[in-house]
Amino acid sequence: MTEDTPLSILVEGVHVTYTVIKALILSIFRFFVPANRKSVQGEIVLVTGSGGAIGSRICTEFSRLGATLVLWDINERANEQTAEKIRTSGGKCFTYTVDVGNHDDVYKTGQKVTDEVGEVTILVNNAAVVIGRKLLDCPDHEIEKTFDVNLLAQFWTVKCFLPAMLRRNHGHIVNIASSTGLVGLKNLSDYSSSKYGIVGFTEVLHYEIIFSGYSGVHTTLVCPSFVNTKLFDGCKYRFPRLLSPLEVNQCVDRIMQAVLTNQIFVCIPRIVYFFTALKTVLPVTAMNALVKYLGAAQFMDTYVGKPESRNTDINNTLVENGNDNLPRDSDRVDVTRKKDI
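Just so we're clear, the structure is a prediction, and the values are computed from it rather than from any experiment.

It is worth spelling out the packing of aromatic side chains at this point. According to the stated counting rule, one finds seven aromatic pairs in the structure shown. Ring geometry for Tyr207 versus Phe211: centroids 5.7 Å apart, planes at 15°, classification stacked. A residue is classified by how much of its surface remains accessible, and Tyr207, at 38% relative accessible area, is partly exposed. With 5.8 Å between their ring centres and 90° between their planes, Phe265 and Tyr273 make a pair best called edge-to-face. According to the relative accessible area criterion, Tyr273 is partly exposed, its value standing at 29%.

What follows covers the side chain of Lys195. As for its position among the elements, Lys195 is in helix H6 (residues 189-210). A distance of 3.4 Å separates a polar side-chain atom of Lys195 from the backbone oxygen of Ile176.

Right, let's talk about the pattern of salt bridges for a bit. Under the defined criterion, the tally for this structure stands at seven salt bridges. The partner of Arg87 in a salt bridge is Glu80, with the nearest N and O atoms 3.6 Å apart. A salt bridge links Arg168 to Glu119, with the nearest nitrogen and oxygen atoms 3.5 Å apart. In this pair, Arg168 sits in helix H5 (residues 140-168) while Glu119 sits in the loop between helix H4 (103-116) and strand S4 (122-125), placing the two residues 49 residues apart along the sequence. Beyond isolated ion pairs, a larger network of salt bridges with shared partners links Arg57, Glu61, Arg64 and Asp253.

This brings us to the sheet that holds strand S1 (residues 44-48). The seven strands lie next to each other as S3-S2-S1-S4-S6-S7-S8, forming an open sheet whose pairing is parallel. Every interior strand has two partners, whereas the edge strands, strand S3 (93-97) and strand S8 (265-268), have only one. Neighbouring strand axes in the sheet, compared pairwise and without regard to direction, differ in orientation by 15° on average. In terms of strand pairing, strand S7 (residues 217-224) meets S8 through four bridges, oriented parallel. Bridge assignment links Leu221 to a residue of S8, and that residue is Phe265. Sheet strands touched by helix H3 (residues 76-88): strand S2 (68-73) and S3. Its angle to S3, the strand with the most contacts, is close to 180°.

In most cases, non-glycine residues show a negative phi, while peptide bonds are predominantly trans. Across the junction of Ile268 and Pro269, the peptide omega takes the value -5°, indicating a cis bond. Here Pro269 shows up in the loop between S8 and helix H8 (271-281). With a phi angle near 50°, Asn169 is a residue other than glycine that sits in the positive phi range. Summarising the element assignment, Asn169 is placed in the loop between H5 and strand S6 (171-176). Of note, Asn262 is a non-glycine position whose phi angle comes to about 55°, a positive value. Summarising the element assignment, Asn262 is placed in the loop between helix H7 (248-260) and S8. Relative accessible area serves as the criterion here: at 25%, Asn262 is assigned to the partly exposed category.

On to the layout of surface pockets, then. Reported here for the largest pocket is a volume of approximately 780 Å³. The set of elements that each furnish at least two residues to the lining of the largest pocket consists of helix H1 (6-32), H6, S7 and H7. Tallying contributions element by element places H1 first for the lining of the largest pocket, with six residues. Tallied by class, the residues present in the lining of the largest pocket amount to 12 nonpolar, eight polar and four charged.

So, about the nonpolar core. By size, the foremost hydrophobic cluster in this structure holds 30 residues, and its most contacted members are Val45, Ile58, Phe62, Leu69, Val124 and Ile255. Elements with a minimum of two residues in this core: S1, helix H2 (53-64), S2, H3, S4, S6, H7 and S8. Counting residues per element, this core draws most heavily on H7, at eight residues. If we ignore the near neighbours within four places in the chain, the residues touching Val45 are Phe62, Ala67, Thr68, Leu69, Val70, Ile122 and Val124. Listed in part, the 26 residues of the second largest apolar core include Trp72, Val100, Val113 and Phe201.

Once that is clear, we can look at the environment of Ala78. Looking at the element boundaries, Ala78 is found in helix H3. C-alpha of Ala78 to C-alpha of Ser56: the two residues are 22 residues apart in sequence and 9.0 Å apart in space.

This paragraph deals with the packing of H5 against H6. Contact pair H5 / H6: the axes reach a minimum separation of 9 Å and the direction vectors enclose 15°. Looking at the two axes, H5 sits roughly parallel to H6. In terms of crossing hand, the pair formed by H5 and H6 is right-handed. Residues Ile143, Thr146, Phe147, Asn150, Leu151, Gln154, Phe155, Val158, Leu162 and Leu166 of H5 pack against Asp190, Tyr191, Ser193, Ser194, Lys195, Gly197, Ile198, Phe201, Leu205 and Ile209 of H6. Its residues assigned to classes, the contact of H5 with H6 shows 12 nonpolar, six polar and two charged.

How each quantity is defined
Residues numbered from 1 in each chain as written. Predicted model: local features only at pLDDT ≥ 70, side-chain atom pairs only at ≥ 80, totals over all residues. Heavy atoms only, no water. Phe/Tyr/Trp six-rings, centres within 6.5 Å; stacked < 30°, edge-to-face > 60°. Buried < 20%, exposed > 50% of the residue type's maximum accessible area, 1.4 Å probe, protein only. Helix = DSSP H or I, 4+ residues; strand = E, 2+ residues; numbered from the N terminus. Polar contact = N/O pair within 3.5 Å; in protein donor to acceptor, adjacent residues only side chain to side chain. Salt bridge = Lys/Arg side-chain N within 4 Å of Asp/Glu carboxyl O. Pairing = 2+ DSSP bridges. Axes fitted to C-alpha atoms, helices over the stretch in contact; angles between N-to-C directions. Contact = heavy atoms within 4.5 Å. 1 Å grid on protein atoms, 1.4 Å probe; cavity = no way out; pocket = protein on both sides within 12 Å on 5 of 7 lines; lining within 4 Å. Points joined across faces, edges and corners; volume = space filled by probe spheres on them. Nonpolar A, V, L, I, M, F, W, Y, C, P; charged D, E, K, R; others polar. Core = buried A, V, L, I, M, F, W, Y, C linked by side-chain atoms within 4.5 Å. Parallel < 35°, antiparallel > 145°, perpendicular 65-115°, else oblique. Left-handed = near helix turned anticlockwise from the far one by under 90°.

Now the structure itself:
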């Protein structure tokens, strides 16, 4: 590393100023004119949580574009249903039953994928679980499960497949977080915390890759608001026209656009950017008042999946990106439904 001099600092400062201004102008331009989409023909795409609504749709979209799909889900039956959709439309896919919260299972199955299919070039971390209860009502083992599946699983899959991407300087890691990883919601303490972790993990991962000189390996952080699935029966914001539930197709179309244009960070819908920025500038008491006014503080209060409304106890864990109606074949989750944010 060369020693700083007044001249070198000045030159670098001018360059940084130019880069910042250029990036801002390009960002404004891209708001109106999207970048060209890259080709994923022949890429090997691995999607976790591939048996659920969003995971399944992501798989079929990549298949339609000519990619080979690797489907990872703990629900074998739902996973095969996704595979059948792909094969029926003429696509190519491979299915694996995996508990992504178990790092030994991830590493072992990851090696099988490399041996049987090839090196993964696009990794979509989509699987997650949610409890949907107040902190003091969450058993310790369910909190641990939330972090195992939502957050730590992404560490294991990235550690498994990133080395090959770096070696070839070619690849893409897509981490699905949530708007609740930017602005938390009451009764989602474990879930929001795990999603905040994904936001931080993906940000630092991007830094490690880009500052190590790998220009061909990309990361995309996705923060969607809540998706219109059965999981949210009874949940609603006070002003749905301001922040309405996302349809699955709408959400996946936006995810695909972000991935195919190498977008680093995407919020769905765009108003999530506004609330995130607002949170950083408003006093805490002001933000509290706004959250209450918008009905976000009461969003989970009418949740029909909560224990007292479903007459269940510790079996209230809900599976994100699984199947709405099919039970999970797992000792990790007993009673399941899908969550798609």
